[in-house]
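Summary of the model geometry
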Amino acid sequence: MVPNIIFKKNNKEILVKEKSDKLTILEVAQNNGIEIEGACEGSLACSTCHIIVDKEWYNKLKEPSWDEEDMLDLATGLTVTSRLGCQIVLSKELDGLKVTLPSSKNDVRLNKNKY
Ligand code: FES
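Residues numbered from 1 in each chain as written. Predicted model: local features only at pLDDT ≥ 70, side-chain atom pairs only at ≥ 80, totals over all residues.

1. Remarks on the environment of lysine 60
Which entries qualify depends on this criterion: Helical segments are the DSSP runs of H or I of at least four residues, strand segments are the runs of E of at least two, and each set is numbered from the N terminus. Residue burial here comes from a neighbour count, namely the number of other C-beta atoms, placed from the backbone, that lie within 10 Å of the residue's own C-beta, with 20 or more meaning buried, 12 or fewer meaning exposed, and in between meaning partly exposed. The contact criterion used is a C-beta to C-beta distance within 7 Å, with each C-beta placed from the backbone.
Inspection of the secondary structure puts lysine 60 in the loop between helix 2 (55–58) and helix 3 (66–72). On the neighbour-count criterion, lysine 60 (11 C-beta atoms within 10 Å) is exposed. Taking the C-alpha atoms as reference, lysine 60 lies 7.8 Å from leucine 94; in sequence the two are 34 residues apart. Not counting chain neighbours up to four residues away, the residues in contact with lysine 60 comprise Glu93 and Leu94.

And the structure:
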């Protein structure tokens, strides 16, 4: 069984039927024309892959690492179910996962002089 993911943006839902698991949410989005930037290509150096996981799914995910939490703190529009899309790897257990794309994002690499 391959996992299906529902991406939500601007009150629209886009169902993606991914052909393989072991991909990150960021990779799935980019493979299917869903607009998530992923500026650092998953190296935990930006927060442009910020997504908001539906509450019903959040506790089914593996805990975020400290590095992910540190980077999330710098994301725009942070919520209690925010995650970085490059850090969530698909599995069949995540079939039906729903995530929302924030309306704005923050690339911390561009703000180095502000801190
Ligand atoms: S792509 Fe940069 S932290 Fe996920």
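2. Brief notes about unusual backbone geometry
Not every positive phi belongs to a glycine, and asparagine 10 is a case in point at roughly 50 degrees. Tracing the backbone through its elements, the reader meets asparagine 10 in the loop between strand 1 (4–9) and strand 2 (12–17). Classification of asparagine 10 as exposed rests on a count of 7 C-beta atoms within 10 Å. The residue leucine 44 is not glycine, and still its phi comes out positive at about 60 degrees. Relative to the elements of secondary structure, leucine 44 occurs in the loop between helix 1 (25–31) and strand 3 (50–53).

3. Description of the pairing of strand 5 (residues 97–100)
Within a regular strand, the side chains alternate between the two sheet faces. Here is the rule we go by: Two strands form a pair only when DSSP identifies at least two bridges running between them.
Relative to strand 5, strand 1 runs parallel, the two sharing four bridges. Of the residues in strand 5, the one forming a bridge with isoleucine 6 is lysine 98. Of the pairings in the sheet, the one linking strand 3 to strand 5 comprises two bridges and is antiparallel in character. Note that in strand 5 the partner of isoleucine 52 across the bridge is threonine 100.

4. Examining the environment of glutamate 18
For glutamate 18, the position within the fold is in the loop between strand 2 and helix 1. The class of glutamate 18 is partly exposed, set by 18 C-beta atoms lying within 10 Å. Glutamate 18 has contacts with Val2, Pro3, Ile5, Leu23, Val28 and Leu90, leaving out every residue within four places of it along the chain.

5. Structural notes on the sheet that holds strand 3
The cut-off we apply is this: Lines are fitted to the C-alpha atoms to define the axes, a helix being fitted only along its stretch in contact, and any angle between axes, read from their N-to-C directions, falls within 0 to 180 degrees.
Taken together, the five strands give an open sheet; going across it, the order is 2-1-5-3-4, and neighbouring strands pair in mixed fashion. Single-partner strands in this sheet number two, and they are strand 2 and strand 4 (82–84). Geometrically, the sheet is characterised by an average inter-axis angle of 35 degrees between neighbouring strands, direction not taken into account.

6. Here we look at the nonpolar core
Rules: Here, a nonpolar core denotes buried Ala, Val, Leu, Ile, Met, Phe, Trp, Tyr and Cys residues that are linked to one another through C-beta atoms within 7 Å.
Counting residues in each nonpolar core, the largest one holds 18 residues, and the members touching the most others are Ile5, Ile25, Leu26, Ala29, Cys49, Ile51 and Val99. For this core, the elements supplying multiple residues, two or more each, are strand 1, helix 1, strand 3 and strand 5. Sort the elements by how many residues they give to this core and helix 1 lands first, with four residues. When neighbours within four sequence positions are excluded, isoleucine 25 is seen to be in contact with Ile5, Ile51, Gly85, Ile88 and Val99.

7. Regarding the pairing of strand 1
Two elements, strand 1 and strand 2, share six bridges in a ladder whose sense is antiparallel. Pairing of asparagine 4 across the sheet is with lysine 17, part of strand 2.

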